[in-house]
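Now for the letters of each chain:
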Amino acid sequence: MKPEVLLGDEAVALAAIHSGLSAAYSYPGTPASEILEYLLRLPAEKRGCTAAWSVNEKTAYEEALGASFAGRRAMVSMKHVGLNVAADPFMNSALTGAEGGLLVVAADDPGMHSSQNEQDSRYYADFARIFCFEPSGHQEAYDMTREAFDFSEKFDIPIMLRLTTRISHSRSVVVPREPRTQNPLRLGRWQDWTLLPSNARRRFQQLLKRQRELLAASEASAFNALTLNPSDRGLGVIATGIAWNYVQENLRGLASTPSLLKIGTYPAPESLIRRLVDHVDRVLVAEEGYPLVERMLRGLYGVPGKTVLGRMSGELPASGELTPDHIRSALSMNPLAHYEAGERPLAERPPQLCAGCPHTDTLKALNEALRDRPGSNVFSDIGCYTLGALPPLNAIQTCVCMGASISMAHGGSDAGIRPSVAVIGDSTFGHSGITSLLSAARADTDMTAFILDNGTVAMTGGQTSHATGPGLLKIIEGVGVPPEHIRVIEPLPKHHERNVRIIREELDHKGLSVIVAVRECVTYSSKRRG
Amino acid sequence: MEGRSADKQDIILAGVGGQGILSIAYVIDRAALDEGLHLRQAEVHGMAQRGGAVQSHLRLSSGTIFSDLIPRGGADMILSVEPLEALRYLDSLAPTGVVVSSSTPYRNIADYPDLGNVLERLRRVPRHVIADSEKLAKEAGSSRAQNIVMLGAASPFLILKEDSLLRHIENLFKPRGANLVDINIKALRLGRAAAGV
Ligand code: SF4
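Because the structure is predicted, anything quoted here is derived from the model rather than measured.

Q: Is there a simple way to explain the overall build of chain B in this structure?
A: Along chain B, the regular secondary structure elements total seven helices and six strands. Overall, chain B shows an N-to-C arrangement of helices and strands of β-α-β-β-β-α-β-α-β-α-α-α-α. Its C-alpha atoms give chain B a radius of gyration of 16 Å, within 12% of the compact-globule value 16 Å for 197 residues. Viewed in the frame of its principal axes, chain B has a C-alpha envelope of about 40 × 40 × 35 Å. Only carbon and sulfur atoms are counted for the fraction: they give 49% of the accessible area of chain B, which is about 7300 Å². Between the centroid of the 23 positive side chains of chain B and the centroid of its 22 negative side chains there is a distance of 1 Å.

Structure representation (structure tokens):
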């Protein structure tokens, strides 16, 4: 088929369709959003399957699991921290297995370009004891996705595809292959899918027995490649995923090519690792993410007579994204000559709220209402409004994970913070705030929760929000917030005085209040949702 | 020296979120594909797109490209729609590389440095093109066409034909109206003339 220029995310989406995908679910999150966006952009007849934004990653996972139970091929995609939210169904799906191929795409963000941490999803695959693919490039992302669906059905487990930012968000040419048709409807066996202890124990034993097959499949995989240099027993390099590219980039500058092992599948191919380590004195392990393979190599006692280099030894940085320059220095090569630009540092240009953003007006009004209340604290959440932590607003004091604002304000209030304030967006509220608000409503906690309803998932590019408009107000009332303490404001400069007054009234209320600030995001208003 | 040849070009695109550097990348990518080159292009999405510093590494080659990221000292060109952002990545430039930058500042930070000094430091690079993208874009018909003005200013140095660029500018803007196509083609031409090559 015709070559296409695609983002890594798009290569995965296209491959999923070509694998006979019947359903795809996701919640927006950088760097994974473009997978589902690609599917949604395709004309319906080309897509030929369900593709939908879910309320959160857990619901997305379970929706995909339901489709897999029905014998259809399903994909669920999310950013790395989204898998924390979906961890419950994820871990258990390793036991239910997959009737139709089930692909879990976890897009990690090493270096935290747009995330709260840089956790490495390969550990989740290991934790659940499932098979994981990690591409080093776009064609591999396509090919691995195709193989992952087959593996899922062959081994009766969900399969993970682990991406990292530089694959997800880099563009390159992909040559697609002939598509496969979708699976017919075929329900899973209740004995496998009903995880009563007796069934779960049996299924776990099956999963454990299967580990040998998974290891064998990994060792035989064409995505792993061992090249021993018979005339050089000094250095060997193990590189996983995208780190492989950075090693390749630097090879032509070396006098002698080290022995090389490229890893693209997990469980890590043990026999290939042994053969490399046996052949050399020193092993450099280059991994984008945490030192998973390096740690496995070191074990508790290390490898006698061998030196292991990597993120743990300090040859590579302990955290953050790798670059070709890091690998260069770990290979003891001199840095490339570069133009000397002189004086540093330059003024930083951090991201900021767009001009005219409704959040600015809400946070300004909140700042003013709190000015004469020194004991206050504003717990916030994940979204554009997190940028309100930075000058000039300096309006929020926490951002931890999706939905944490309301629950943390609840706990903070219990601990004596007055006023205890939560600030959360409509989509984040739908994702993980509703249960927190239900809990606060049952306790009638003395706190004030702001829900910033801009009608979209703005930070990730304006995707569909599930808890916006009149429906949002019904949810708030439905969880038990007293109607007289649900206040709606329109965050605009012209309403500033009035908004400050309303906020003060609710801060004074000794119990739970919710203030809904309603105004469309100016950047993604009706543009996308048409 | 590690094989820098005429059929390879590593470019760092820079600007501020919202200035349209990904449109520049789109045009170069498609033109490169037409001309049978390999390409890799690393973009920045997500939070940085909210008015922050954004950059994209764009690598073109007739041979295999391994890394998505350009090593420090490996960039043959810095192409920036904003002068402070050009300065930010100068360290990545090969000693023989060219910097192509707009002289129009985007002042959305309180501590924006002295513009004269920024431009002076860019002019110190032996090979440089500094173009008044705002003025030229307005002349072309829209101040939003500054990205394509800068693509034009870079075009004499690219290993791509001007025709390929023009074709994909047309493809990119056609869905948004014939008027925008004309404006951006004019923007490319004005930028190219400003390079004075
Ligand atoms: S994208 Fe929307 S919500 Fe985000 S900062 Fe811009 S206007 Fe505000």
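Q: What's the story with the overall build of chain A in this structure? I'm lost.
A: Across its full length, chain A holds 21 helices and 20 strands. The C-alpha atoms of chain A give a radius of gyration of 25 Å, which matches the 24 Å a tight globule of 530 residues would have. Across its three principal axes, chain A shows a C-alpha extent of roughly 80 × 65 × 50 Å. Relative to its full complement of 530 residues, chain A shows a buried share of 60%. Considering only intrachain contacts with a sequence separation of at least 6, the fraction spanning at least 24 residues in chain A is 79%. Surface summary for chain A: the accessible area is close to 20500 Å², and the carbon and sulfur share equals 55%. Here chain A contributes 54 positively and 58 negatively charged side chains, and the mean placements of these two sets differ by 3 Å.

Q: For this particular structure, what's the right way to read the interface of chain B and chain A?
A: One frequently used descriptor of interface size is the decrease in accessible area upon assembly of the parts. At the interface, 47 residues of chain B touch 50 residues of chain A. A buried area of about 4500 Å², summed over both sides, lies between chain B and chain A, and 52% of it is on carbon and sulfur atoms. Connecting chain B to chain A are four salt bridges. When the shortest N-O distance is used, the salt bridge between A:R171 and B:E43 registers 2.7 Å. Between the two partners, chain B and chain A, sit 22 residue pairs in polar contact (both at pLDDT 80 or more). Of all the secondary structure elements, the ones that give two or more residues to the side of chain B that touches chain A are α1 (21–34), β2 (38–42), β3 (53–61), α2 (83–88) and β5 (93–102) of chain B. For the side of chain B that touches chain A, the residue count by class is 22 nonpolar, nine polar and 16 charged. Inspection of the sheet shows strand β8 (residues 170–174) of chain A paired to β2(B) by three bridges, in the antiparallel sense.

Q: It is not clear to me how the nonpolar core should be interpreted in this structure. Could you clarify?
A: Residues and elements named next belong to chain A. Counting 108 residues, the largest nonpolar core has L39, M75 and I238 as the members making the most contacts within it. When residues are assigned to domains, this core turns out to be shared by domain 1 (4–209) and domain 2 (225–330), each giving three or more. Sequence-distant contacts of I238, that is, excluding residues within four places in its chain, are made with L261, I263, I273, L276, V283, L284, V285, A286, V293 and L297. The next biggest cluster of nonpolar side chains, apart from the first, holds 50 residues, and it includes A365, M447, I503 and V514.

Q: Would you take a moment to explain helix α4 (residues 133–140) of chain B for this structure?
A: Each turn of an α-helix holds 3.6 residues, which means side chains three or four residues apart point in the same direction. Residues and elements named next belong to chain B. The complete set of buried residues in α4 reads S133, L136, A137 and A140. Along the long axis of α4, the arc covered by the buried residues comes to 100 degrees, so they all point the same way. Across α4 from its buried face, at more than 90 degrees, point the exposed residues K135 and K138. Those residues of α4 that are buried are in contact with β5, β6 (127–131), α5 (146–154) and α7 (178–195). Among the residues trailing α4, G141 stands out with phi positive, at a value near 125 degrees.

Q: Just checking my understanding: could you explain the environment of B:V181 for this structure?
A: All names here are of chain B. With respect to the secondary-structure elements, V181 resides in helix α7. In this structure the C-alpha to C-alpha distance between V181 and I78, which are 103 residues apart in sequence, comes to 25 Å. In this view, V181 contacts E170, F173 and K174; residues no more than four positions away in its chain are not counted.

Q: What am I meant to see in the site of the ligand here?
A: Neighbouring residues of the ligand: A:L353, A:C354, A:C357, A:H359, A:C384, A:N454, A:A458, A:C521, A:V522, A:T523, A:Y524 and B:R50. Around the ligand, the nearby residues trace back to chains A and B. When atom positions are compared with the pocket grids, the ligand is found to occupy the largest cavity. Its residues assigned to classes, the shell around the ligand comprises eight nonpolar, three polar and one charged.

Q: Help me out: how do you make sense of the sheet that holds strand β3 (residues 50–53) of chain A in this one?
A: Strands pair in a sheet through their backbones, by hydrogen bonds, and they do so in one of two ways: parallel or antiparallel. Residues and elements named next belong to chain A. Strand order in the open sheet made by the seven strands is β3-β2-β4-β5-β7-β6-β12, with mixed pairing throughout. Here the strands that pair on one side only, and so sit at the sheet edges, are β3 and β12 (265–266). As judged from the four bridges shared by strand β2 (residues 21–26) and β3, these two strands associate in the parallel manner. Directly across from S26, in β3, lies its bridge partner W53.

Q: Help me out: how do you make sense of the sheet that holds β2(B) in this one?
A: Spatial ordering of the open sheet is given by β1(A)-β8(A)-β2(B)-β3(B)-β1(B)-β4(B)-β5(B)-β6(B), a layout of eight strands whose pairing is mixed. The open sheet has two free edges, formed respectively by β1 (4–7) of chain A together with β6 of chain B, since each of these has just one partner strand. The average undirected angle you get between the axes of adjacent strands in this sheet is 20 degrees. Contacts between α5(B) and the sheet are confined to β4 (75–80), β5 and β6 of chain B, with β5(B) contributing the most and set at about 140 degrees to the helix.

Q: Is there a simple way to explain the pattern of salt bridges in this structure?
A: Oppositely charged side chains can pair when the atoms bearing their charge come close. Residues and elements named next belong to chain A. Evaluated as defined, the whole model comprises 44 salt bridges over all chains. We note a salt bridge from R122 to E287, for which the minimum N-O separation is 3.0 Å. On the criterion of sequence distance, the pair formed by R122 in helix α7 (residues 122–128) and E287 in the loop between β13 (282–286) and α14 (292–298) is long-range, its members being 165 residues apart. Residue classification places R122 among the buried residues on the basis of a relative accessible area of 2%. Given the relative accessible area of 1%, E287 is considered buried. In this structure, the salt-bridge partner of D192 is R202, at a minimum N-O distance of 3.4 Å. On the criterion of sequence distance, the pair formed by D192 in helix α10 (residues 190–193) and R202 in helix α11 (residues 197–220) is long-range, its members being 10 residues apart. Given a relative accessible area of 11%, D192 falls into the buried group. In the salt-bridge network here, residues are joined through shared partners; they are D108, D120, R122, E134, R162 and E287.

Q: What's the story with α5(B) in this structure? I'm lost.
A: Burial analysis of α5(B) places nine of its nine residues in the buried class, the great majority of the element. Restricting attention to buried positions, one finds in α5(B) the residues B:Q146, B:N147, B:I148, B:V149, B:M150, B:L151, B:G152, B:A153 and B:A154.

Q: Quick question: what am I supposed to make of the side chain of A:T145 here?
A: As for its placement among the helices and strands, A:T145 is situated in helix α8 (residues 138–155). We classify A:T145 as buried; its relative accessible area is 0%.

Q: Honestly, a nonpolar patch on the surface in this entry has me stumped. Any pointers?
A: On the surface, A:L473, A:V488 and A:V518 cluster together into a nonpolar patch covering about 200 Å² of accessible area. Relative to the helices and strands, A:V518 is located in strand β20 (residues 512–518).

Q: Just to check I follow, could you spell out the domain arrangement of chain A for this structure?
A: Residue and element names in this part refer to chain A. Per the domain assignment, the segments of chain A are domain 1 (4–209), domain 2 (225–330) and domain 3 (358–529). Measuring from the centre of the C-alpha atoms in domain 1 to the corresponding centre in domain 3 gives 33 Å. Tallying the contact residues gives 13 residues for domain 1 and 14 residues for domain 3. Both sides of the domain 1 and domain 3 interface together cover about 1100 Å² of buried area, and 56% of this is carbon and sulfur. On inspection of domain 1 and its partner domain 3, the count reaches zero salt bridges. Per-class residue counts for the side of domain 1 that touches domain 3 are five nonpolar, six polar and two charged.

Q: When you look at the layout of surface pockets in this model, what are you seeing that I'm missing?
A: Here the idea is plain: a probe the size of a water molecule rolls over the atoms and shows the empty space left. In this structure, the second largest pocket spans a volume of roughly 770 Å³. For the second largest pocket, the lining is made up of 31 residues, of which A:R166, B:Q55, B:H57, B:R88 and B:Y89 are closest to its centre. It is β3(B) that contributes the most residues to the lining of the second largest pocket, four residues altogether.

What counts as what
- Each chain carries its own residue numbering, running from 1 in the direction its sequence is written.
- All chains are assigned letters beginning at A, and all ligands numbers beginning at 1, according to the order in which they are written.
- Since the coordinates come from a predicted model, pLDDT governs what is reported: local features require at least 70, and pairs of side-chain atoms require 80 or more to be given and counted, while whole-chain, interface and lining totals use all residues.
- Computation of side-chain values covers all heavy atoms of the structure but excludes hydrogens and water.
- Secondary structure elements follow DSSP: runs of H or I of four or more residues count as helices, runs of E of two or more count as strands, with numbering from the N terminus.
- What the globule rule says is 2.2 Å times the number of residues to the power 0.38, and the radius of gyration is computed from C-alpha atoms.
- Note on areas: Shrake-Rupley with a 1.4 Å probe; residue coverage comes only from the protein chains shown.
- In this charge count, Lys and Arg are treated as positive and Asp and Glu as negative; neither His nor the chain ends contribute.
- By convention, the charge on Lys lies at NZ, on Arg at CZ, on Asp at CG and on Glu at CD.
- Exposure classes here rest on a 1.4 Å probe applied to the protein chains alone. A residue is buried below 20% of its type maximum, exposed above 50%, and partly exposed in between.
- Here, two residues are considered to be in contact whenever any of their heavy atoms come within 4.5 Å of each other.
- When two parts are brought into contact, each loses some accessible area as probed by a 1.4 Å sphere; the total of that loss over both is the buried area.
- Any Lys or Arg side-chain nitrogen found within 4 Å of a carboxyl oxygen on Asp or Glu counts as a salt bridge.
- N or O atoms within 3.5 Å of each other form a polar contact, as long as, within protein, one can give a hydrogen and the other can take it, and as long as residues adjacent in sequence are counted only when both atoms are side-chain atoms.
- Gly is placed with the polar residues, together with every amino acid not listed as nonpolar (Ala, Val, Leu, Ile, Met, Phe, Trp, Tyr, Cys and Pro) or charged (Asp, Glu, Lys and Arg).
- A pair of strands is labelled paired if DSSP reports no fewer than 2 bridges between them.
- Buried Ala, Val, Leu, Ile, Met, Phe, Trp, Tyr and Cys residues form a nonpolar core when they are joined through side-chain atoms within 4.5 Å.
- Here the bounds of each domain stem from an automatic or database domain assignment.
- This arc is built from the directions going out from the helix axis to the C-beta atoms.
- Summary of the distance rule: residues count as near a molecule or strand when at least one heavy atom falls within 4 Å of that molecule or strand.
- For each structure, a 1 Å grid was placed over the protein atoms alone; sets of points admitting a 1.4 Å probe that cannot get out are labelled cavities, open sets with protein on both sides within 12 Å along at least five of seven lines are labelled pockets, and lining residues have an atom within 4 Å of a point.
- To decide whether a molecule occupies a pocket or cavity, check its atoms: if more than half lie within 2 Å of the grid points, it is inside.
- Axis lines are fitted through C-alpha atoms, for helices just across the contact stretch, and the angle between N-to-C directions can take any value from 0 to 180 degrees.
- A residue counts toward a patch only above 30% relative accessible area and without a salt bridge, and it is joined to like-charged neighbours within 9 Å or, for Val, Leu, Ile, Met, Phe, Trp and Tyr, to nonpolar neighbours within 5 Å.
- Grid points are joined across faces, edges and corners, and a volume is the space filled by probe spheres set on the points.

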